[in-house]
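# Structural features, examined
Residues per chain are reported as follows:
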Amino acid sequence: MTGVEAPQEEKRRIFADLTPLRTSADYRRLWFGNTVSWVGQGMTTLAISLQVYDITGSAFSVGLVGLFSLVPLVVFGLYGGAIADTVDRRTLGLVGATGAAALSAALATAAFAGFHRVWFLYAIVALQAVCGALNAPARSAMIPRLLPPEQLRAANALNSVVMTFGTLVGPSLGGVVVGFAGYQTAYTIDALAFFASLYAMWRLPSMPPEHSGAKRASVLDGLRFLGTRPNLRATFVSDLFAMILAQPKALFPAVAVLWFGGDAKTTGLLVAAPAFGALLGGVVSGWQNRIRRHGQAILVSVAAWGLAIAAFGLSRNLWIGLLCLAVAGYADTSSMIFRNTMMQVAAPDEMRGRLQGVFIVVVAGGPRLGDFVAGSVADLTSPALAVTGGGLACVLGIGVFSLYARGFRRYDALDPQP
């Protein structure tokens, strides 16, 4: 390919850049292994919720599944990141994936044995969250050691496709498998699916900390580092505007009935629409290679999320509402791709695990706080005001923040400054 043809191809690129998959066998194995394991985890997530409901007949008990998952994820997320900056990340990833596989095997064994206890399922969910809190920072911090900086944005786009694909396909497949073959089969498939991830990590090179003589990584040191790096800090702050002020998911069951005259199926469509948009955001992400101002792209993406949510709050046609939610999902994925890329490129290697731990806490806790805000405002006023007002508040908030974060707006991917 000539020097003239390369820029022309870059300009024409629309779909996700597959260069990381072509150039790195390690990343390719890791990506495929994660794809398989994400689908398996999606199956198990739905199967556990269905089994809890079968045992208790209580929607409240099903809701507690999320709580038992959230608390360990938030508590251990920061410490998982600190551990990832202290030990060999490949080893930590193997430990986390092995633990998760063993937990899925325990679920399958209990189901085969006819042991149906809610406390057991809650305990497994909590332990799965601990494994995820250990595994995720290590897995994310591995990527910059496998790929050159110019391929990290493309890799994050491909990773977003994996997560969204698993979120969409896993639960759907889990429902089918549980319906035809029982819980034990769904759990067994998930346990076997982890072997793809384990194999990929086993083939990776060793990844000890680059500064082997440094003291043991501290969570507080990571937070202090983040406090002195305005551009990295701004990636978290900007995302919180979207997650806290404009998070309408908790209102979907109500608006499905009140606005669209629907039922549970309508609620399912509302839940699926942002995920579909997010998947599209990863697949159609090639154009992002031409963007150097990553901070500015994040601000625009968050504002687009807010506008799309506000438009959804004004819609009373189901298909228009679904389109608005899909646009919001697309914008959210675009923001996530640039945020992850900034953290991986601008942060030094010895801090990447801890920043990913903070990222897990923000991503896990932010939407739950957003659900509380949306539900409270809807009870005090109306769902329409909660959704539309929240979307507009997000746009206003990110606009004001952009005036303050001038350095973040000027962030240049070719000269990354944390």
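Residues numbered from 1 in each chain as written. Predicted model: local features only at pLDDT ≥ 70, side-chain atom pairs only at ≥ 80, totals over all residues. Heavy atoms only, no water.

### Some words on the overall build of the chain
The secondary structure content of the chain amounts to 17 helices and zero strands. Its C-alpha radius of gyration of 21 Å places the chain within 12% of the 22 Å reference for a compact globule of 418 residues. With respect to the three principal axes, the spread of C-alpha positions in the chain is 60 × 50 × 45 Å. For the chain, with 418 residues in total, the buried portion stands at 52%. In the chain, of all internal contacts separated by at least 6 residues, the share reaching a separation of at least 24 is 86%. Counting only carbon and sulfur atoms, one obtains 69% of the accessible surface of the chain, whose full area is about 18,500 Å². (Helix = DSSP H or I, 4+ residues; strand = E, 2+ residues; numbered from the N terminus. Rg over C-alpha atoms; globule rule 2.2 N^0.38 Å. Buried < 20%, exposed > 50% of the residue type's maximum accessible area, 1.4 Å probe, protein only. Contact = heavy atoms within 4.5 Å. Areas by Shrake-Rupley, 256 points an atom, 1.4 Å probe, with all protein chains shown as cover.)

### Some details on empty space enclosed by the protein
Summed over all chains, the structure comprises two cavities of 30 Å³ or more. Roughly 30 Å³ of volume is contained in the second largest cavity. What lines the second largest cavity is Asp 239, Ala 242, Ser 301, Val 302, Trp 305, Ala 331, Asp 332 and Ser 335. Where the lining of the second largest cavity is concerned, the elements lending two or more residues are α10 (230-245), α13 (294-314) and α14 (318-346). Its residues placed into classes, the lining of the second largest cavity shows four nonpolar, two polar and two charged. (1 Å grid on protein atoms, 1.4 Å probe; cavity = no way out; pocket = protein on both sides within 12 Å on 5 of 7 lines; lining within 4 Å. Points joined across faces, edges and corners; volume = space filled by probe spheres on them. Nonpolar A, V, L, I, M, F, W, Y, C, P; charged D, E, K, R; others polar.)

### Thoughts on the layout of surface pockets
Looking at the second largest pocket, its volume works out to about 390 Å³. Residues that form the lining of the second largest pocket fall into these classes: six nonpolar, six polar and five charged.

### As for α14
Taking 1.5 Å as the rise per residue, α14 with 29 residues should run 42 Å; its terminal C-alpha atoms sit 42 Å apart, in good agreement. Taking burial as the measure, the 29 residues of α14 include 22 buried ones, the bulk of the element. The N-terminus of α14 is capped by Asn 317, whose side-chain oxygen sits 3.0 Å from the backbone nitrogen of Trp 319. (Expected span 1.5 Å × (residues − 1). Polar contact = N/O pair within 3.5 Å; in protein donor to acceptor, adjacent residues only side chain to side chain.)

### Let's talk about the confidence of the model for the chain
A residue-level look at the chain finds 94% of positions with pLDDT of 70 or above and a mean pLDDT of 84. The low-confidence segment residues 1-11, where pLDDT is below 50, has five contacts with residues more than four positions distant or belonging to other chains. (pLDDT = per-residue confidence, 0-100.)

### Comments concerning the pattern of salt bridges
Following the criterion strictly, the structure yields three salt bridges and no others. In this structure, Asp 412 engages Arg 292 in a salt bridge whose closest nitrogen and oxygen atoms are separated by 2.3 Å. Taken together, the positions of Asp 412 in the segment after α17 (406-409) and Arg 292 in the loop between α12 (264-283) and α13 put the pair 120 residues apart, joining distant regions of the chain. Since its relative accessible area comes to 42%, Arg 292 is described here as partly exposed. (Salt bridge = Lys/Arg side-chain N within 4 Å of Asp/Glu carboxyl O.)

### Things to note about the packing of helix α3 (residues 25-56) against helix α7 (residues 152-181)
Each packed pair of helices is defined by two parameters, the angle between the axes and the distance between the axes. At a minimum axis distance of 7 Å, the contact between α3 and α7 shows a crossing angle of 35 degrees. The crossing of α3 and α7 is right-handed. When the residues that make up the contact of α3 with α7 are grouped by side-chain class, the tally is 18 nonpolar, eight polar and no charged. (Axes fitted to C-alpha atoms, helices over the stretch in contact; angles between N-to-C directions. Left-handed = near helix turned anticlockwise from the far one by under 90°.)

### With respect to the nonpolar core
Counting 53 residues, the largest nonpolar core has Leu 232, Leu 270, Trp 305 and Phe 312 as the members making the most contacts within it. Elements represented by at least two residues in this core include exactly α9 (219-227), α10, α11 (252-258), α12, α13, α14, α15 (349-380) and α16 (383-404). Among the nonpolar cores identified, the runner-up in size contains 25 residues, and Met 43, Ala 47, Ala 101 and Leu 107 belong to it. (Core = buried A, V, L, I, M, F, W, Y, C linked by side-chain atoms within 4.5 Å.)

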